[in-house]
Amino acid sequence: MSEEKTLSISDLVVEYHTDHGVVHAVNGVSLGLEARETLGLVGETGAGKTTIAMSILKILPTPPAKIVSGEVKFEGQDIMKMDSHDLRKVRGNKISMIFQDPMTALNPVFTIGEQIAEGIHLHQNLKKGDAEIKAMEMLEMVGIRRERFTDYPHQFSGGMKQRAIIAIALACNPKLLLADEPTTALDVTIQAQVLDLIGELKERLNTAMILITHDLGVVAKSCDKVAIIYAGQIFEYGTKFQVYAETRHPYTQGLFDSLPSINKEVPRLKPIPGLMPNPMDLPAGCPFHPRCPRAMAECSERAINPTDLGDGHWVRCINPIN
Amino acid sequence: MIRYVTKRLLWMVPVLLGVTLIVFTLIHIAPGDPAEAALGFETSDEIKAEWREEQGLNDPFLIQFGRYAYRVFTQLDFGTSYSTRRPIIDEIKARFPTTVKVCLVAVTLTNLIGVPIGIISAVKQYSFTDNLLMVLALIGVSMPSFWVGLMFSIIFALHLRWLPASGLYGPKYYILPSTALALVGIAMSARMTRSSVLDVIRQDYITTARAKGVAEYKVIMKHALRNALIPIITQIGLSLSILIGGAMVTEVVFAIPGMGTYLVQSIRALDYPAILGTSIVIAFFSSAILLLVDLLYALVDPRIRSQFKGKKHLRGSKA
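Reading the values: the criteria
Residues take numbers from 1 onward in each chain, read along the sequence in its written order. Working convention: letters from A go to chains and numbers from 1 go to ligands, in the order in which they are written. In keeping with the predicted nature of the model, local features appear solely for residues at pLDDT of at least 70, side-chain atom pairs appear and are counted solely at 80 or more, and the whole-chain, interface and lining totals rest on all residues. Heavy atoms from the whole structure form the basis of all side-chain values; hydrogens and water molecules are not counted. Working definition: helices are DSSP H or I runs of at least four residues, strands are E runs of at least two. Numbering for both runs from the N terminus. Only protein chains enter the accessibility calculation, which uses a 1.4 Å probe; a residue is then buried when its area is under 20% of its type maximum, exposed when over 50%, and partly exposed in between. For this analysis, residues touch if any pair of their heavy atoms sits within 4.5 Å. Summed over both partners, the accessible area lost on bringing two parts together, with a 1.4 Å probe, is the buried area. Throughout this description, the term salt bridge denotes a Lys or Arg side-chain nitrogen within 4 Å of a carboxyl oxygen of Asp or Glu. As used in this structure description, the phrase polar contact means that two N or O atoms lie within 3.5 Å; if the pair is within protein, one of them must be able to donate a hydrogen and the other to accept it, and residues adjacent in sequence are counted only when both atoms belong to side chains. If DSSP finds at least two bridges between two strands, the strands pair. Angular values range over 0 to 180 degrees, each being the angle between N-to-C directions of two axes fitted as lines to C-alpha atoms, with helices fitted over their stretch in contact. Any two of the Phe, Tyr and Trp rings considered here, Trp counted by its six-membered ring, make a pair once their centres fall within 6.5 Å; the pair's planes then place it as stacked at under 30 degrees, edge-to-face at over 60, or tilted in between. Only lysine NZ and arginine CZ atoms are considered, and such an atom sits over a ring when it is within 6 Å of the ring centre and within 35 degrees of the ring normal. Exposure above 30% relative accessible area and the absence of a salt bridge qualify a residue for a patch, where like charges join within 9 Å and nonpolar side chains (Val, Leu, Ile, Met, Phe, Trp, Tyr) within 5 Å. To measure how exposed things are, a 1.4 Å probe is used in the Shrake-Rupley method; for residues, cover is taken only from the protein chains shown.

1. Thoughts on the environment of Val115(B)
Residue and element names in this part refer to chain B.
Phase 1: Note on placement: Val 115 falls in helix α5 (residues 88-123).
Phase 2: On the basis of relative accessible area, Val 115 is assigned to the buried category, the value being 14%.
Phase 3: In this structure the C-alpha to C-alpha distance between Val 115 and Val 5, which are 110 residues apart in sequence, comes to 28 Å.
Phase 4: Excluding residues that lie within four positions of it along the chain, Val 115 makes contacts with Thr 110, Ser 189, Thr 193 and Ile 232.

Shown next as structure tokens:
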């Protein structure tokens, strides 16, 4: 068991079937996560990051979502094959999720305390009263006074709501935390605080984490490994050092080029030309080829498979940067 | 909270005065001679004139209205009926409970059936069950309740002889009128509940609840329903107040001795005090129900609850 990875996803394909057509949200994603490791999932809006996270918990709304194929193994068990009873034992207990928008992620008609205690009561065999005491401890752990236990979400500020959501997510000491852009909706001044809090609690509770973000700075600060996602595929995967210092994929390079830098004198930022392809109508071959500066004729002709570069660094490109 | 309720109760005074003025005006511009209606054709003109004088019907309109409003709002004196010569308040007391009973049975039926249908439809959106239920609901909404009442009488009373067609002498007598009244309500309540629940189950906090490992039925019955309740409560309140005032035609169809039948009779007989008294009582209970609905909102939704607390308190807690 100890050899088992905390999470291993192989060849996950997820589609959304809508009235207008089939949205190819995730197209063959494979990744692995060791215990206590933090993986940064980086990509533009609509690249399929949230869909991947929600597939791990199997909480995608079906329909319209449809998990076409793939395995999501958590501690050796395939989540995709679990029945609803076993799934509920995993959700919120072994794997939990922090959502993007704290303003809407809390139920407005229940107190913060009730919402934290609910998961504890469900998973930890505790009586209501004991669950509430544990919930108060969680509140204090995320830096909120325990007297606020009986407050409702509308009495909390955005940052406090996100702290409460973190408390809900971590209440049962999960093995894996899925943080879906936990700071996007927050004030810049609060972002660092919340990230530090997540990082600190994750260390204390020995939790592995997938941090979804489009902020490369956040990744540099808090992740061990990075996966760059584009149009539902992982383009480059490796340790933070490999991806940042030995960038191989032209898309990854494009992301870095579009960031302002303090050290270099750059007259103008260099955006990646063009737009993300419509996921209902992905281009043949590599989905990035219409925007890629290094594209070759072959790029549009066949599906590109990942190339292993050694040391766990791999890239999905036939003409990578050297 | 108490301040809010007092304020709302005081607001009912101008509302009721407005209702009184409107009904009063309408009665007075309507054609017909109440004296003739009250005393009969054969009565001599002198006696009619004397009666009109006695009832104050010869005074200017505003004086009549002022006198009536003064009596009603300060002494709760609704006057005496032209046709029975008994105090209006007694006539209403004899009929109001009947109407309330029929309406309560109808509203209970409406929501016991309508709300679950709405929830099922929403949870199984676009399924065969959903489509079937919603088509039935559409049919239900489109049928006027007096017509349903007539059809029920014909089928269940006349042909099948299962249930009595008219009067109100026991539990059995409630079934047909209440069902006829409830049918439209069920359909409306089902559609309202469905859209309200659909709205809520797409919210992020429902995903949060699922991600916590909450069982699906609990996600719906606890997390979603509590949030979907506000439109449902509104609907219940509205249908109750509509029924109390608007069950008239159905009451007539089933010969139920309630407020509706009485109002229709009074209008026919040009019994001014009876028309006015009934209208004011109905208006009063409608506003009271709406007040109750607003108070229920506060019970269901803590965000509304905090609005009821004084502004001072809010300022204090925000700091």
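2. Section: the interface of chain B and chain A
Phase 1: With 20 residues of chain B at the interface, the matching set in chain A holds 24 residues.
Phase 2: Summed over both partners, the interface of chain B with chain A buries about 2100 Å², with 60% contributed by carbon and sulfur atoms.
Phase 3: Our enumeration of links across chain B and chain A arrives at two salt bridges.
Phase 4: Between Glu118(A) and Lys212(B) there is a salt bridge; the shortest N-O distance is 2.9 Å.
Phase 5: The tally of links from chain B across to chain A stands at 13 residue pairs in polar contact (both at pLDDT 80 or more).

3. Section: the sheet that holds strand β11 (residues 307-308) of chain A
Residue and element names in this part refer to chain A.
Phase 1: Here eight strands make up an open sheet; going across it, the order is β6-β7-β8-β3-β9-β10-β12-β11 and the pairing mixed. Each end of this open sheet is capped by a strand with a single partner; those strands are β6 (95-98) and β11.
Phase 2: Pairing of strand β3 (residues 38-43) with strand β9 (residues 225-230), which is carried by five bridges, proceeds in the parallel orientation. Within β9, the residue paired with Leu 39 across the bridge is Lys 225.

4. Brief notes about the sheet that holds strand β4 (residues 65-74) of chain A
Residues and elements named next belong to chain A.
Phase 1: Across the sheet, four strands lie side by side as β2-β1-β4-β5; this open sheet has antiparallel pairing. Taken across any chain shown, the strands that pair with only one partner, and hence form the sheet edges, are β2 (21-33) and β5 (77-78).
Phase 2: Where helix α1 (residues 49-57) meets the sheet, its contacts fall on β1 (7-18), β2 and β4, and the angle it forms with β1 comes to roughly 110 degrees.

5. A closer look at the packing of aromatic side chains
Phase 1: Within the structure shown, the criterion is met by 18 aromatic pairs over all chains.
Phase 2: Considering the side-chain rings of Tyr244(A) and Phe256(A), the 4.9 Å spacing of their centres and the 65 degrees angle between planes classify their relative orientation as edge-to-face. Of the two residues, Tyr244(A) sits in helix α9 (residues 240-245) while Phe256(A) sits in helix α10 (residues 250-257), which places them twelve residues apart along the sequence.
Phase 3: Residue classification places Tyr244(A) among the partly exposed positions, given a relative accessible area of 24%.
Phase 4: Residue class for Phe256(A) comes out buried when judged on its relative accessible area of 18%.
Phase 5: Between Phe284(B) and Phe285(B), the aromatic rings sit 5.2 Å apart at their centres with planes inclined by 85 degrees, giving edge-to-face as the arrangement.
Phase 6: Phe285(B) gets classed as partly exposed once you look at its relative accessible area, which sits at 30%.
Phase 7: Directly above the ring of Phe110(A) sits Lys222(B), whose terminal nitrogen or CZ lies 5.4 Å from the centroid.

6. Section: a nonpolar patch on the surface
Residues and elements named next belong to chain B.
Phase 1: Taken together, the side chains of Phe 128, Leu 132, Val 135, Leu 136 and Ile 139 present a nonpolar region at the surface, about 520 Å² in accessible area.
Phase 2: Mapping Leu 132 onto the fold places it in helix α6 (residues 128-142).
Phase 3: The partly exposed category is assigned to Leu 132, whose relative accessible area is 42%.

These figures capture arrangement, not role.
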